[in-house]
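# Residue-level structural notes
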Amino acid sequence: MKIFNTKLILTFSFLFVSACSVLDHDPQDAIVPKQAFDSESSVRSAIVGLYHQLQSDDYYGASIQYASDNYTDVSTYAGFNIEYQEAGEGIIPPTNLLVEKIWLGAYRVINGANEIVSGVPGVDDIGFTEDERVAVIAEAKCLRGLGYLDLLVHFGEHWNLDSEYGLPLVTRSTNSDYANVEMISRSTVQETYDFILNDLETAEAGLPNSDNRAVATKALAQSLLAKTYLHMKGYESAINYSTLVIDNANYSLNPSFLDIFQSELTNESIFELVSSSLDISNLALWTVLRDEVLPEESLIASFSEGDQRRELIGNVEGKPYERFLKAEDFSSHANPAYIIRIAELYFYRAEANHFLGNSNDALENLNAVRTRAGLNPHADSNNFLDKYINENKWELFAEGKRLHTLVRINKAEEILEIESFRKIYPIPAREFEIDGNQLVQNPGY
Amino acid sequence: MKTTCKLIPFFLLFTFNIFGQTSISGYVKNNNQEPLIGANVSIKNTMLGGACDVSGYYNIDLPRGFPTSENITLTATYIGYKNQSISVALPSMGVLSRDFVLEDDVIGFQSVVIVGYGTQKRGDLSTAITSVKGKDVINQPVANLDLALQGRASGVSVASSSGQPGAAVKILIRGATSITASSEPLYVVDGIPMTSDNNSILETGGYNFNSMSDINPDDIESIDILKDASASAIYGARGANGVVQITTKRGSKSGKTSIVFDRYTGTQSPAYIVPMMNSKQFIEMMNEAAQNDGLPADYFSSSGPDWNRIGDPADPNLVNTDWYGEVLRKDAPIENTSLSVRGGSDKLKYFINGSLFDQAGIQKGTNYNRLSFRTNIDAKINDKTNIGTNVYISKSDALSTIGDNSYFGVMINTLAADPTMPVFDEDGSYSNPFHYYSWWALENPAAAADLYKRNTSTNRFLGSVFAEYNIIDKLKFKNSYSLDYSYLKDVMHYPSTAAESWQSGVTGKGLFANSENLTWLTENMLTYEISFHQKHHLNLLLVYTTQTASNNVASIAAQNYSNDNLGALELAADIVDASTMGTSWGIESLVSRINYNLDYKYYFTGSIRRDGSSRFGADRKYGVFPSFSAAWRITKEPFMSDFNFLSDMKLRYSYGKTGNQDGINNFASRALWTVAAAYNGSAGISPNRMGNAELEWETTTQNNFGVDASFMDNRFSVTFDTYQKLTTGLLLDSNVPGYTGFTTVTRNIGEVKNSGTEFSIRSFNIDTDDFTWTTTFNISTIKNEITKLEQDNERAVGGTNIMKEGYPLGTFYLIHWEGVNPQTGNSNYTDVNGDGVINSGDMQLIEDKTPWPDYFGGFGNSLSWKGFDLNVFFQYSQGNYIFNHSRYAQEQVGWSFNYGGFFIPYGNNTERVENERWQNPGDVTDVPRASLGYEFDEEGNAISALQPNWMEDCDQWLEDASYIRLKTFEFGYTVPSYFAEQYGLSSLRIYILGQNLWTKTAYLGVDPEVSSNGENITRIGEDYGGLGQPKTVYFGINVGI
């Protein structure tokens, strides 16, 4: 019996030999949130991550540009993706996947920025100086400001400071934890602008004046401030900020229009989101690789003789139809997105001066862009807005600037022949399908 | 048996044990020399008989005056065994000894069923388990054993996602219990819970390569499918979708060695090819479209603008390419060769098998082959100790072309390819579809099948060792270690001439990836078996087991090759992607079970399992899964004694909870930042998963009531089950507000209910020495319903489907097509939101047409006469619908893209469009008129686009896919043994087998069994360029040495 007991004990002890590591597993290709803020270098990686999110197909990787251009008189859609078809037809239902992608894409950048803004003060790294922390937070806020501004001019009633239809403003970290998610409602347009201005002013103060065009700089913050004030009809401020950038020696209108798109990071660019074959953008996917986002015939027909810009719509060997060539690399897809370039600042200043009644200044700024393309300057400022929107179209086609520009100067209904409520996109239907949702849809949708 | 049981006391009452009396006695045992306790031996045409005791001994005392001059017939019967009769001459006095060795009745109640960590006899089951014997599986010409299960087991539905050989099939046991997690059952091979994931990283577009295809069907002895909760709860957090237990063959202790050589070879062809228009019909339709739109009637054949001239329909030299014919093989070879050795003694048993399987796909460019070896050994070391090992090694190669749903995919491009395009241009290169007249084809289909090359090869090692020790009588301890290791290699090469390359401006693309998977399993098991007072039988089980699995992947993608001959990465100028990925998980479990029966009349089983899993939230690490079942053999009750026609009848009830932790990401509960967020040459990190510490497994609670009965001496046996499964805490990617920076978080929300009824019957119609005829039939119903989602209770899935409370998974969500207006020939659609435009805002839930059948099943007949055998098996499904997405590409009736006044036809159309399209006012048809899709002014300029007569996401393409199919037809001849022995053989059988030879269906696509979306349960029932299962015929020879 004794033997039996020994055996039994041995057996049972064997039975419960536990492998302690069985339940302990960690991912090998991801980190947990607290690791993102354990050192200065981690924080710098998190900043890099913000740019990566900007590159997403959902955002500046194609969607924000081509949704706008398909929706307007710049491009037409010849493929079978229903979300692009709907944009092309000018009737975007709230279920449209393209506007959903833009909405999510921009908020992904905002969320990453929120994490950085909240996380940086607590980083336990002696080498991470206070000045460096201020600069990092300024960079995050600059990109957060860009995100909110893009969202506001596409989803909010940005032309009306008294409107209730601003954006839901998330300003704090959730630490990526579902337990911290709060349901919020839309802020007013004024509140949204105030928040954006605040971010951009902090950014302007904290960012260096640098000629690194691939990242946020003081000039980017100033450019975005100019654009924000333009939308708010704060024309004096818009001119002041535009002038700061135009007068900055780091930036100038590139003498050759083609060179902007054929070289990299020219003086033209204030913020150019670069890509490489290992870190691609989808900009040439839709326009060159696939014959889907194609220039509208009216756009092609509208160019004047001798306009250099017309050369960026053309044929690619082996492929039928003329295509947009601003993003031409359809093999390795290393096409940058031109988020803001100096020509736009001239446009801002032209537009602001026009509305302030300074017609000569307005014309001078417009002609600066026009003559660079090889055209003769306009002699007078008669029908200035018509000249302005044409120049704007020829200059900025396939860069996704058309829709909110037309809305800003109150020309959208006329030019695009759309109903008034369609000046902005609907808030994606998915937002209203969530338990406890506090958002309201844009009127008309 | 009932009858004879009652006879015994009767007999004893009237007989006296008087010296000199004659008696008959002996032993009744089975093939394994185990006594059959309770077996009955009776004398024909008398009421005399006796039952066996614990040693299998029976004794019949003959009454005085029993006639001794004649021969009598003794019959031994026992549940689960074939009756055996012998004729004996009675001595006038003394003891006559006669022993019986009864043979297993194949599906009999005595057959052993694998129940998870043990076995039970079928007659003693109180749970719902369906068994399929290896014989039904191994004779099927399929790479995957799961394909061979089609129609064989009630409640089990099987659909193939692709005709790609080696591709995974979708198996559902009693419906779908999950949305995001897998609804696939757990596979357990010889006790090892397997990972059946797709480990290939190649984009296949719909189908997966299922790692279960590494398992050789030849090795399989039996498959036991655990369906109800009491059966599957023993696998706890992995049991919710049912369990498929696969048992491989083992040696025998008979002392004889049998060597079997089996070889079959045959061909496969497409079961159905959708007939398309020829070039003449295509051009004529385009001209008709132009004419209908007010353009000249020879618009596409006149020598006007080049772009619009497709060709002259009257031209006898018109190119006419049959694209399906160009990409499909009508004589794709399939062959299998295997050599097995099975034998052993009391001390050592062995089974060794080597097989080579090779199957070419019916689509050119596809092939699957597998070389495998198995050795199973059991050794008895001493009276107390047994050890054993299973070793399985396989190497498989799956050749494929390009993903099914890719832009450049073979079948996708074939759908509507231009018949006027030649396969080759005059210079001998593949013609470029952009130079011809279908907008649809982006790649020459023949080029897609020829130029795009991919090979997924897998080396797999499955091994286990075990030792079993009898601590004391009936108390056994078993310890086993198992390893499942696979190394998978993906190699892809597209040359510069492939459209995927040249269209993206590169000279060739290549990819190399490998994936290493390792699963470790330890099992420590105690069993105790005891019977007391002859009536009480108790079996106890206690198991502690852990399993860990890891997966490591590395991949490199390259482009711009210096030549087209080799895909070696050294030849590529640019590396465009290089990444590594690693993940792992673990589960630690404690299992216990009790089986009790009282006199084989009342049965009770209870089990409980506690699983700890690394996959779930920090606050929910452990789950407990209890179950019980009870059964009552009603025929053992005295009051049933008058129902003589009932041989056996048992009522069963079970209840239990199971979990589903599979199919969900290993780190789904954690908040994570990705490290793949580079920009401008710097590495970056970015939040990419929202965490949920409360995440846990899905829980399925199942009730099952069943009846097993057999009638008229087991001539008919039936099984009936009805069940209800409620799955709660469904793991769903719940939408979170977009302003959080995330789209979803994985949460336990949602409930889905599956209920159904299953019935199967087996009848031995004729059973004589020369002639046997057996019929089987099974039918099942499944009702699937989502009973809870989120508050808003619905969500759209993938453009064509919706999930909504009160409706089944896979419910279609489409624009509603009202038909063709007989006056105008135009399609009418329902404008749901009344905005005057038909677009995605007009999609609606389709109530009455779901992908779930009203009922499905199979039936078959097996006949044998002397040496001949015939097996005919049909499979059927009624009332399920398929979204025939392919037809959207093939029935656009002339619709064209307008490129500045040049009209590029969308693509070719089916013969159905040729025969049935609307042509004159008053035509009643479901194919609209031909039209380019534009309104033209008098000069022939397109002014505006018309509402298309065909819409992609529309119920126009929703079809009833009910079918009945001759799944298997097998005819064989076994030569008489005296003849075989003359040649030194112990047996010789030759056979011919056909699969999918005949199908009756109204479905217009290639195959009503196809489902293009692989394992995505929310989008089942879509056919988009599906290839369908092949029609196969082969000849085989089976030689025993």
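Reading the values: the criteria
Residues numbered from 1 in each chain as written. Chains lettered and ligands numbered in written order. Predicted model: local features only at pLDDT ≥ 70, side-chain atom pairs only at ≥ 80, totals over all residues. Helix = DSSP H or I, 4+ residues; strand = E, 2+ residues; numbered from the N terminus. Rg over C-alpha atoms; globule rule 2.2 N^0.38 Å. Buried ≥ 20, exposed ≤ 12 C-beta atoms within 10 Å, placed from the backbone. Pairing = 2+ DSSP bridges. Core = buried A, V, L, I, M, F, W, Y, C linked by C-beta atoms within 7 Å. Expected span 1.5 Å × (residues − 1). Contact = placed C-beta atoms within 7 Å. Nonpolar A, V, L, I, M, F, W, Y, C, P; charged D, E, K, R; others polar. Domains from an automatic or database assignment. pLDDT = per-residue confidence, 0-100.

### As for the overall build of chain B
Summing up its helical and strand segments, chain B has eleven helices and 56 strands in all. Its C-alpha atoms give chain B a radius of gyration of 33 Å, within 12% of the compact-globule value 31 Å for 1041 residues. Looking at the 1041 residues of chain B, the share that counts as buried comes to 52%.

### Re the sheet that holds strand β52 (residues 958–960) of chain B
All names here are of chain B. Spatially, the three strands line up as an open sheet ordered β52-β47-β55, and their pairing is mixed. Bordering the open sheet on either side are β52 and β55 (1022–1023), each of which pairs with just one other strand. The pairing of strand β47 (residues 881–884) with β52 spans three bridges and is classified as antiparallel. The residue of β52 that forms the bridge with phenylalanine 883 is leucine 958.

### Notes on the nonpolar core
Nonpolar side chains tend to gather and get buried jointly when the protein is soluble and globular. By size, the foremost hydrophobic cluster in this structure holds 278 residues, and its most contacted members are A:Ile116, A:Ala140, A:Cys142, A:Leu220 and A:Ala238. If you tally residues by element for this core, the top one is helix α6 (residues 130–155) of chain A, at 13 residues. Counting 18 residues, the second largest nonpolar core, distinct from the first, contains B:Ile24, B:Leu48, B:Leu62 and B:Tyr78.

### Here's the deal with the environment of B:Asp99
Residues and elements named next belong to chain B. Tracing the chain through its elements places aspartate 99 in the loop between β7 (95–97) and β8 (100–102). Looking at aspartate 99, the number of C-beta atoms within 10 Å reads 14, which means it is partly exposed. Placed 94 residues apart in sequence, aspartate 99 and proline 193 show a C-alpha to C-alpha distance of 42 Å.

### Considerations on helix α7 (residues 189–206) of chain A
Residue and element names in this part refer to chain A. Counted at 1.5 Å a residue, the expected span for α7 with its 18 residues is 26 Å, and the 26 Å between its end C-alpha atoms agrees. Listed in full, the buried residues belonging to α7 are Val189, Thr192, Tyr193, Ile196, Asp199, Leu200, Thr202, Ala203, Glu204 and Gly206. Check the buried side of α7 and you find it contacts α6 and α8 (218–231).

### Looking at the interface of chain A and chain B
How big an interface is tends to be stated in terms of accessible area lost as the parts join. Each partner contributes residues to the interface: chain A has 71 residues there, and chain B has 71 residues. Elements that contribute at least two residues to the side of chain A that touches chain B include exactly α1 (2–15), β1 (30–31), α2 (40–55), α4 (82–89) and α5 (97–119) of chain A. Of the residues contributing to the side of chain A that touches chain B, the split by class is 40 nonpolar, 18 polar and 13 charged. By the bridge criterion, two bridges tie β1(A) to strand β31 (residues 672–674) of chain B in an arrangement that is antiparallel. Paired with A:Ile31 across the strands is B:Trp673, a residue of β31(B).

### Considerations on the domain arrangement of chain A
Residues and elements named next belong to chain A. According to the domain assignment, chain A contains domain 1 (38–207) and domain 2 (275–295 + 316–335). A straight line from the C-alpha centre of domain 1 to that of domain 2 covers 25 Å. Of the residues lining the interface, twelve residues belong to domain 1; the matching set on domain 2 comes to 13 residues. Of all the elements in the fold, those that place two or more residues in the side of domain 1 that touches domain 2 are α3 (63–71) and β2 (75–77). Ranked by residue count, the leading element in the side of domain 1 that touches domain 2 is β2, at three residues. Classifying every residue of the side of domain 1 that touches domain 2 by side-chain character gives five nonpolar, six polar and one charged.

### Remarks on the confidence of the model for chain B
Note: predicted coordinates in regions of low pLDDT should not be interpreted at a detailed level. All names here are of chain B. Residues with a pLDDT of 70 or more make up 91% of chain B, whose mean pLDDT is 85. Note that residues 1–19 has pLDDT below 50 and, in this model, 25 contacts with residues that lie over four places away or in other chains. Model confidence for the complex: the whole-complex pTM is 0.78, and ipTM, which rates the interface, is 0.92.

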